[in-house]
Amino acid sequence: MTNKGFSEFSRRSLNVREKFVDVVCELFPGVIIVVEWATRRVVHVTGRSSDLIGVSTEKFLQTDFFSVIPEAQLGHIEQEVGRLQHDARHVSFMHQFKHREGTTRTMSTAASLLTHEKGKMLEVLLVCHEISESQKKPIEDNNVNDELLRESEELLAYGTWKWSLLTDELQWSAGMYRMLGYNPNDPFRVTNAFYLEHVSNDDKERLLHAVAECLKNNAEFQHTYVLKARDSTHKVVFTKGKVITDGQGRAEQMIGITRDITSIAYLQAESERTIRELNRSNKELEEFAYIASHDLQEPLRKISIFNGRIRLKYASAIGNEGIANVDKVEAAAENMRTFIDNLLKFSVISRNSRDFTSCDLNQIISEVVSDYDLKIEESGTLLSIARLP
């Protein structure tokens, strides 16, 4: 065969192969998509895209592949396709396409790595076909669970994560992205080193020590520290994690949960500050009562002295009625002295523990009635007091 004949044969063979591929693609009951994974840009798609998502092949090309995927499923697809970068030859998963009319199409998709360079995925081949109604329930249930999880993460301000010890890569839930101010579609690689860049320098060493001890003992760890979010705001977070081992008991990955407890930490700090202020105020009140009780003792002492002098020098002059009044003044002064002593004891009650003692309530009632006998007499009050224990 001449060179000219060979070239013509090769050209015809290539045309046949291209037509064969076109026929297979048209007969295939789904859609074949090639995605430039770093940018999520669609670089090739077969003609059935208009049936599944409601746009022409030309419009679908060069668009963001994730733009036709429900947001709740983005993390799942990211996780499954990410396995191709490690050891998986191909992966399969279920998801949905958003149709332009507002409906969704449930798909079963197989993904394979077309090209890669130095461990980075360049292009991914996705072979998608629509599944039957009976197969839709598992993914619909999964979507409901994902939605409930996302809402609970937002309500309780937490996120979950999985850390591969082999690749240092982290897989975040939507709550982790939200906590640090990132978007799951942002073009960056989430690694443990990237996360540590957000940890406060004052807490980083202690966190690394806690994680190292956890890995050393294949145990759990929990730690509270400060994170610096993307917008430079600082958040107090609590993290709890545990080690997952392989069949030989070697640490393979770590999973955990991180919760934003900034508001709780703030309330706790405010509570501690209020307690300190109350303790200071109570101490000042104790000191005031202690000093005041000592200062009030002196006037009472003088009342008792002069009362005694009146009794000795003027007893004959004032008569029995005068002596009775002097006795009442002395009793009132004594009661006042007892009251001040009790105030003094109360002022030091927090400094000295005191044991409870039994007392006669009848005696206490008698003393109270004696203190207020003038008011009782003036008001004409009639007291009826039964025997007390």
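Note that the structure is predicted; figures quoted are calculated from it, not measured.

Thresholds, definitions, all that
Residues numbered from 1 in each chain as written. Predicted model: local features only at pLDDT ≥ 70, side-chain atom pairs only at ≥ 80, totals over all residues. Heavy atoms only, no water. Helix = DSSP H or I, 4+ residues; strand = E, 2+ residues; numbered from the N terminus. Contact = heavy atoms within 4.5 Å. Patch = residues over 30% accessible without salt bridge, like charges linked within 9 Å, V, L, I, M, F, W, Y side chains within 5 Å. Areas by Shrake-Rupley, 256 points an atom, 1.4 Å probe, with all protein chains shown as cover. Salt bridge = Lys/Arg side-chain N within 4 Å of Asp/Glu carboxyl O. Buried < 20%, exposed > 50% of the residue type's maximum accessible area, 1.4 Å probe, protein only. Pairing = 2+ DSSP bridges. Axes fitted to C-alpha atoms, helices over the stretch in contact; angles between N-to-C directions. Phe/Tyr/Trp six-rings, centres within 6.5 Å; stacked < 30°, edge-to-face > 60°. Lys NZ or Arg CZ within 6 Å of the ring centre and 35° of its normal. pLDDT = per-residue confidence, 0-100.

Undergrad: Looking at this structure, how should I read the overall build of the chain?
TA: Helix and strand counts for the chain stand at 11 helices and 10 strands. Partitioning the contacts of the chain with sequence separation of at least 6, the portion at a separation of at least 24 is 47%.

Undergrad: Explain a nonpolar patch on the surface here, please?
TA: There is a patch of nonpolar side chains on the surface, built from Leu361, Ile364, Val368 and Tyr372 and spanning about 330 Å² of accessible area. Here Val368 is to be found in helix 10 (residues 361-371). On the basis of relative accessibility, which here comes to 40%, the residue Val368 falls in the partly exposed class.

Undergrad: Teacher, can you tell me more about the pairing of strand 2 (residues 41-45) here?
TA: Working note: regular strand, side chains alternate between the two faces of the sheet. With four bridges joining them, strand 1 (residues 30-36) and strand 2 adopt antiparallel strand pairing. Residue pairing in the sheet places Ile33 in a bridge with Val45 of strand 2.

Undergrad: Please explain the sheet that holds strand 8 (residues 220-228) as it appears in this structure.
TA: Strand-to-strand pairing in sheets goes through backbone hydrogen bonds, with the strands running parallel or antiparallel. Reading across the sheet, the five strands line up as 7-6-10-9-8 and stay open at both edges, with antiparallel pairing between neighbours. The outermost strands of the open sheet, each flanked by one partner alone, are strand 7 (170-172) and strand 8. Here the strands of the sheet are splayed against their neighbours by 25° on average, with no regard to which way each runs. As paired elements, strand 8 and strand 9 (residues 234-245) share nine bridges and run antiparallel to each other. Each bridged residue has a counterpart across the sheet, and for Thr224 the counterpart in strand 9 is Phe238. Against the sheet, helix 8 (residues 201-217) contacts strand 6 (158-164), strand 8, strand 9 and strand 10 (251-260), and its axis sits at roughly 160° relative to strand 8.

Undergrad: Looking at this structure, how should I read the packing of aromatic side chains?
TA: Aromatic ring pairs are reported here in terms of the distance separating the ring centres and the angle at which the planes meet. Applying the stated rule across the entire model yields seven aromatic pairs. When the centroid spacing of 6.3 Å and the interplanar angle of 75° are considered together, the rings of Trp172 and Tyr195 count as edge-to-face. Taken as a pair, Trp172 in strand 7 and Tyr195 in helix 7 (residues 192-196) lie far apart in primary sequence, 23 residues in all. Each member of the pair Trp172 and Tyr195 is classed as buried. Grouped by ring-pair contacts, the aromatic residues Trp172, Tyr177, Tyr182, Phe194 and Tyr195 constitute a single cluster. A cation over a ring is seen here: Arg40 above Trp37, with NZ or CZ 4.6 Å from the ring centre.

Undergrad: Mind showing me how you'd approach unusual backbone geometry here?
TA: The phi angle at Ala157 is positive, at roughly 55°, despite the residue not being glycine. Turning to its location among the elements, Ala157 is positioned in the loop between helix 5 (133-156) and strand 6. For Asp168, which is not a glycine, the phi torsion comes out positive at approximately 70°. Take Asp168: its relative accessible area is 26%, and that puts it in the partly exposed class.

Undergrad: Would you mind showing me how to read the confidence of the model for the chain here?
TA: Predicted coordinates in regions of low pLDDT should not be interpreted in detail. For the chain, per-residue confidence averages 80 on the pLDDT scale, and 84% of positions sit at 70 or higher. For the stretch residues 3-7, pLDDT sits under 50, and the model shows one contact to residues farther than four places along the chain or on other chains.

Undergrad: How should the pattern of salt bridges be read in this particular structure?
TA: Side-chain pairing between opposite charges can occur once the charged atoms of the two side chains come close. Tallied over the full model, the rule gives 11 salt bridges. Here Glu130 and Arg105 are joined by a salt bridge, their closest N and O atoms 3.6 Å apart. Placement of the pair is Glu130 in strand 5 (residues 120-130) and Arg105 in strand 4 (residues 104-117), with a sequence separation of 25 residues. One salt-bridge network, held together by shared partners, links Glu277, Arg280 and Glu284.

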